Amino acid sequence: MWAGIILSLRQELMITILIFVLLVYKIGASEYKTNALLNGINLLLLANLIVGFFPCPDATSFSGMFHTNRLIVLEKNMLNLGTLLISLQAYDWLKSHRHVPEFYMLLLATLTGFFFMISSGNLLLFYLGLELSSIPLAALASFDLEKRQSSEGAMKFILSAAFSSALLLFGISLLYGATGTLGFDTIVQRLDGSAFQLFAFILILSGFAFKIAAVPFHLWTADVYEGSPVTVTAYLSVISKGAVFFIFIQLLYTVFKPIATSWYRILIILSVLSITVGNLFALRQNRLKRLLAFSSIAQSGFILAGVIGSSRIGEASVVYFILIYIFSNLGAFGVVSLISAQTGKETISDYRGLYANNPALSWVMAISLFSLAGIPPTAGFFGKFFLLMAGAGKGNYVFITIAALNMVISLYYYLKVVKAIFMDKPEQPIEKLVIPLLPNIAFIVCVAGTIITGLAGWIYDYIYSLSIGL
Amino acid sequence: MPNASYIVLIPLLPLAGFALLGLFGRRYIKGFAGVLGTSFVLVSTALALYVAWQYFSISLPQGHFKQTVPLNLNWLTFSPGLSIDMSIILDPISVMMIVVVTLISLLVHTFSLGYMKGETRYATYYAFLNLFTFSMLGLVLSGNLFETYIFWELVGCSSFLLIGFYFDRPTAVAAAKKAFIVTRFADLGFLVGILILSFHADTLDIHTLIQRLTQPGPQLTNITTASFLGISALSWGLVLVFVGGAGKSAMFPLHIWLPDAMEGPTPVSALIHAATMVVAGVYLVARLYPVYAHAGPAVLQVVLYVGALSALLAAIIACTQTDIKRVLAYSTMSQIGYMMFALGAHGYTASMFHLFTHAFFKALLFLCAGVIIHRVHSNEMKDMGALRKLLPLTHACFLIACLAISGIPPFSGFFSKEDILLAAWNSNKLVYAVGLFTSGLTAFYMFRLYFSVFWGRPTHEAGAHPGHHPETPFTEKLPLVILALGALSAGWIPFSRFVTADGKPEPAHGVSVFAIAPVALALIGIATAAYLYRKETERPQRAAAAFKGFYQFAYHKFYIDEVYTFITKKIIFNGIGRPAAWIDKNIVDGLMNLLATITARIAAGIKGIQSGKVQDYTLYFFAGIVGLAVLFIYLYT
């Protein structure tokens, strides 16, 4: 019995062991070499990623509190991969930082939270997982210890997160009052779509909307993304968002299935608002970090479009898109992170003529942005297309047209950056930058992923075969 | 039956050329790049001709040409029904198109050998040309709607690169951007159209899609009953696909990019803006023609009127332009308008026939324009004149092309235009009248161009170095001669034996009495042009002779001249042409600008919400919940 539990919990256990290893190391070693430590941690994360791919049986443990299946394992592997990529890219920033073990402990703690959240079969465990992830995230956001902006961002994040958690918890307790249970499998039997239950649902939904930064629950993102170190911004807008989407779609498709007609309408509104407002904000940004952050709000809206499809295709296309999103967004964030760590330059005008001295970085940036904008033949194009196709399955063409129109608008600000890099004449060009080995590996993986995920049909086929749908 | 193994090579060879030249061109291949790029396309052309010969001569077992799919590689399976495949479709129009595309592309490649010599980015130019040829061939051959879309975008991208080839000129960059954005905007319609059609038909495969949407079955009932704003999903899908086609084919009001796109190198204009990319929209509608024809008259009416309006409007504007390439650009738009309205008038064969003949004479016109521009170093007609002695071969070729486009028998344009007008006559008399009038105008503006360039007074620039160097190198002469032969004789092909809507060969109908009206109108147009533009510039030399014995005659002539000037300049130019150009410039362009301004304004206004105060954020958060709760609990339950 224990063997079965350990096997099904192994991804969570691996991360927990890693945290303890780091803790013991931190306490024991008074002096350490940051370089060696970073290499070691990245190796451990790589090992963790590889172990994650070993097959794992579907299981339900702890009387339904925890469950796992092949899709969930795949989702956790995707999060592992994303975390590894972020860690590789953070090399430049961390090598001069004094608190490397703490950074990784906090990072891995949030990851554990996400894993438990995705695997939860009960609202209680779900809530615990969510909180386990958001409190360390606030600490991470303030990790540029000497910068005021960073602490300010963290403060705003913890306040907003507390507010959203309170409402989420309120929603959960209302739902418990209405149905008398917290287990996913029993809630679904007792939902009848009454106004009371619907209100509880909207409160829970707002908690999700906060995490995925859907409009109008997105306002915290601007300051937090701006103030946090680039690495943490990337983690927040890619990994955190992806994890929440995984559990969100599971909950919608299984637990809240009886009130599908209601959430379907709500999500359309949220999706249209997110895509449009996210794009409009991004249009005016001159700082790359902010531009990527706001564009990620619009990307959330697109993912919601796939969720709206409420079909097997919908679920598959969402997971597929998040995979692509991890590669392309992390590629872009990686370049920003590297340049910001080495030169401190972060605005689009600083990037003018980047191509002249740094062709490799320019191409990584261009390919990632093309993918985010959805230009073929990059994977982002297929991802977006599948999302829209899934959304169109319900026959709401007005919505799809608005979404497609926004794809064209988003082209403008993505291509603005590409234009600055390749075509504009630099006033003070960024000199040739040295790309250390670890970030270099991350860039290669991101670019390869951005291209291959779109071209290799079997990846989507595999995800589709694992999806269940509504 | 043609074999897939070598059909695949037709598009792949130019792709290989692109990869080779793109990777090694600038460093290792350099001056050899042109020959290398051309030879790839040469092999493609030979293969295309062989496939065409095989297809049309061998594959006629049941009395009609079948649509076959010799290759189908499954790529991305989206759902059991919907999968994105890389497939090749062979039917009369795709076979015709690969011949046209490879042939014109080969000639343009050859022409550019001499024309672009000495350019610093010579190898890059050939790499882009090869890429464009690959994309266009892929588009033509694709048997999957989504594959079509991918190549459609690739064509857009590669044309962007070619139009903006002289990227150090701000006008060229602006033109490339404009072309890209306008067509991209239209592509949006295409994409949504694909979504609608394929979702209801539950397939992306063109062959199956056409079958399911034309024969009774669950899919057809489904798509015709589903409706939005009172119009069926089928009609929406088809209209949106047409919008995509209209963007690429520069139909009114999405044509604004085409005249500006003339900033690219002239051979590029010959390839992209005469024979290939701009007819992609026509080809797309033709590809789905059975569905259009079956969906009832409403959608085809849209195609019909948009086509007719574009044909007329462009012809009028062409009369007022002074830049030689812009005249040709508007003339292209007008001719494509003909092809479009022919499709709208059920003249499938006629439309494809005109596409075929137009490719020859329009490419020829652009290449001639290239030779002329190189000689006088200007695009303006006022800098040209009396070039017929300096450029005798170009003169002959240009004249043949002008006669062909004006529809004078026995040149090629005559046959195809007559077919189109016949189809229009059978379908809609108003559109017939428009087509007839436009064909007169066409003859007028083409010969206005011809006379101002080759006749009249020699200008300083043109006469500066007479006989300084030979007219053109051999590599430029050869394509001109081949295209001239095509422009002369392409119309003699009994086209309806090969290309018809249902694949069944029909006997070619002979020349009828019906042809008298358009030919007469064309002759009037030519005569008018000759009268106005040959004389006007010759007057200085003849003035002395006229003073002596022919005073009365000259006076009389002067009087008629004034009348003509009044009619043409005051009424046609100022009364119709100027307002048309004005609407084009201010209203159509203005609307596009307005859209952009509004978006920017909203973005600026919305910024205020982002105040930086956490209290405000939670307030909006709370308002969001209240809003959703009110909306959904009180409205829907």
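Rules and cut-offs
- Residues numbered from 1 in each chain as written.
- Chains lettered and ligands numbered in written order.
- Predicted model: local features only at pLDDT ≥ 70, side-chain atom pairs only at ≥ 80, totals over all residues.
- Helix = DSSP H or I, 4+ residues; strand = E, 2+ residues; numbered from the N terminus.
- Buried ≥ 20, exposed ≤ 12 C-beta atoms within 10 Å, placed from the backbone.
- Contact = placed C-beta atoms within 7 Å.
- Pairing = 2+ DSSP bridges.
- Nonpolar A, V, L, I, M, F, W, Y, C, P; charged D, E, K, R; others polar.
- pLDDT = per-residue confidence, 0-100.
- Core = buried A, V, L, I, M, F, W, Y, C linked by C-beta atoms within 7 Å.
- Axes fitted to C-alpha atoms, helices over the stretch in contact; angles between N-to-C directions.
- Parallel < 35°, antiparallel > 145°, perpendicular 65-115°, else oblique.
- Left-handed = near helix turned anticlockwise from the far one by under 90°.
- Expected span 1.5 Å × (residues − 1).
- Arc of directions from axis to C-beta.

1. Overview of the overall build of chain B
For step 1, the next point in the chain: If you tally the helices and strands in chain B, you get 25 helices and four strands.
For step 2, the next point in the chain: Of all 637 residues assigned to chain B, the portion counted as buried reaches 53%.
For step 3, the next point in the chain: Sequence-distant contacts, at least 24 apart, represent 80% of the contacts inside chain B between residues at least 6 apart.

2. Structural notes on the overall build of chain A
For step 1, the next point in the chain: Within chain A, the secondary structure is distributed over 21 helices and two strands.
For step 2, the next point in the chain: Pairs at least 24 apart in sequence give 81% of the contacts found in chain A among residues at least 6 apart.

3. Details of the pairing of strand E2 (residues 83-90) of chain B
Residues and elements named next belong to chain B.
For step 1, the next point in the chain: Burial runs high along E2: six of the eight residues are buried.
For step 2, the next point in the chain: Strand direction decides the pairing type here: strand E1 (residues 68-77) and E2, joined by seven bridges, are antiparallel. Directly across from Thr77, in E2, lies its bridge partner Ser83.
For step 3, the next point in the chain: From the end of E1 to the start of E2, which pair antiparallel, there are five residues.

4. Some points on the environment of Ile88(B)
Residue and element names in this part refer to chain B.
For step 1, the next point in the chain: Following the sequence through the fold, Ile88 ends up in strand E2.
For step 2, the next point in the chain: For the pair Ile88 and Gly138, spaced 50 residues apart in sequence, the C-alpha to C-alpha distance is 8.5 Å.
For step 3, the next point in the chain: In contact with Ile88, other than residues within four places in its own chain, are Ala4, Ile7, Val69, Pro70, Leu71, Leu141 and Gly143.

5. Regarding the interface of chain B and chain A
For step 1, the next point in the chain: With 39 residues of chain B at the interface, the matching set in chain A holds 46 residues.
For step 2, the next point in the chain: Counting only elements with at least two residues in the side of chain B that touches chain A, the list comes to E1, helix H6 (145-163), helix H7 (170-201), helix H24 (551-606) and helix H25 (614-636) of chain B.
For step 3, the next point in the chain: Ranked by the residues each element gives to the side of chain B that touches chain A, the list is headed by H25(B), at 13 residues.
For step 4, the next point in the chain: Here the side of chain B that touches chain A is composed, by residue class, of 28 nonpolar, eight polar and three charged.

6. A look at unusual backbone geometry
For step 1, the next point in the chain: Val215(A) connects to Pro216(A) through a cis peptide bond whose omega is 5°.
For step 2, the next point in the chain: Omega for the bond connecting Pro409(B) with Pro410(B) falls within 30 degrees of zero, at 0°, which places this linkage in the cis form.
For step 3, the next point in the chain: Relative to the helices and strands, Pro410(B) is located in the loop between helix H18 (392-406) and helix H19 (412-427).
For step 4, the next point in the chain: Look at Phe62(A): it is not a glycine, yet its phi comes out positive at around 50°.
For step 5, the next point in the chain: Mapped onto the elements of the fold, Phe62(A) is located in the loop between strand E1 (59-61) and strand E2 (66-68).

7. Some thoughts on the confidence of the model for chain B
Residues and elements named next belong to chain B.
For step 1, the next point in the chain: Model confidence for chain B is summarised by a mean pLDDT of 78, while 83% of its residues fall at 70 or above.
For step 2, the next point in the chain: Per-element confidence in chain B ranges from a low mean pLDDT of 50 for helix H21 (residues 460-463) to a high of 90 for helix H13 (residues 280-287).
For step 3, the next point in the chain: Across residues 539-565 the pLDDT falls below 50, and counting only partners more than four positions away or on other chains, this stretch makes four contacts in the model.
For step 4, the next point in the chain: For this predicted complex, the interface confidence comes out at an ipTM of 0.76, alongside a pTM of 0.67.

8. Quick word on the nonpolar core
For step 1, the next point in the chain: Of all hydrophobic cores here, the largest spans 398 residues; its most connected members are Ala363(B), Leu364(B), Cys368(B), Ala401(B) and Ala487(B).
For step 2, the next point in the chain: Per element, the largest residue contribution to this core is 20 residues, and it comes from helix H15 (residues 312-343) of chain A.
For step 3, the next point in the chain: Residues within four places of Ala487(B) in sequence aside, it is in contact with Phe360(B), Phe361(B), Leu364(B), Ile400(B), Ala401(B), Ala404(B), Phe411(B) and Ser412(B).

9. A short note on the packing of helix H2 (residues 10-28) of chain A against helix H3 (residues 34-52) of chain A
All names here are of chain A.
For step 1, the next point in the chain: In the contact formed by H2 and H3, the axes pass within 10 Å of each other and the chain directions differ by 170°. Classified by the angle between their axes, H2 and H3 sit roughly antiparallel to one another. Read as a crossing pair, H2 and H3 show a hand that is right-handed. Touching Gln11, Met14, Ile15 and Leu18 of H2 are Leu44, Asn48, Val51 and Gly52, all from H3.
For step 2, the next point in the chain: Classifying every residue of the contact of H2 with H3 gives five nonpolar, three polar and no charged.

10. Looking at the environment of His395(B)
All names here are of chain B.
For step 1, the next point in the chain: Along the chain, the position of His395 falls in helix H18.
For step 2, the next point in the chain: With 20 C-beta atoms packed within 10 Å, His395 lands in the buried category.
For step 3, the next point in the chain: Along the primary structure His395 and Tyr450 are separated by 55 residues, whereas in three dimensions their C-alpha atoms are 8.7 Å apart.
For step 4, the next point in the chain: With near-sequence residues (within four places) excluded, His395 lies in contact with Leu387, Arg388 and Phe454.

11. Some words on H3(A)
All names here are of chain A.
For step 1, the next point in the chain: Its 19 residues place the ends of H3 27 Å apart at the C-alpha level, agreeing with the 27 Å of an ideal helix rising 1.5 Å per residue.
For step 2, the next point in the chain: Within the sequence span of H3, burial applies to Leu38, Ile41, Leu45, Asn48 and Gly52. The arc enclosing the buried residues of H3, seen along the axis, measures out at 85°, which places them on a common side. Away from its buried face, by an angle of more than 90 degrees, H3 presents the exposed residues Ala36, Leu43, Ala47 and Ile50.
For step 3, the next point in the chain: Those residues of H3 hidden inside the fold are in contact with H2, helix H4 (70-89), helix H5 (91-94) and helix H6 (100-119).

12. Observations concerning the packing of helix H8 (residues 148-179) of chain A against helix H10 (residues 195-211) of chain A
Residue and element names in this part refer to chain A.
For step 1, the next point in the chain: Across the interface, H8 lies against H10 with an axial gap of 8 Å and an inter-helix angle of 150°. Overall, the two elements H8 and H10 adopt an arrangement that is roughly antiparallel. Considering how the two elements wind past one another, H8 and H10 form a crossing that is left-handed. Here Ser164, Ser165, Leu167, Leu168, Phe170, Gly171, Ile172, Leu174, Leu175 and Ala178 of H8 come into contact with H10, specifically with Phe196, Gln197, Phe199, Ala200, Leu203, Ile204, Ser206, Gly207 and Phe210.

13. Comments concerning the environment of His109(B)
Residues and elements named next belong to chain B.
For step 1, the next point in the chain: Residue placement: His109 occurs in helix H4 (residues 92-115).
For step 2, the next point in the chain: The exposure class assigned to His109 is buried, which follows from the 28 C-beta atoms found within 10 Å.
For step 3, the next point in the chain: With 71 residues separating them in the primary sequence, His109 and Thr38 have C-alpha atoms 5.5 Å apart.

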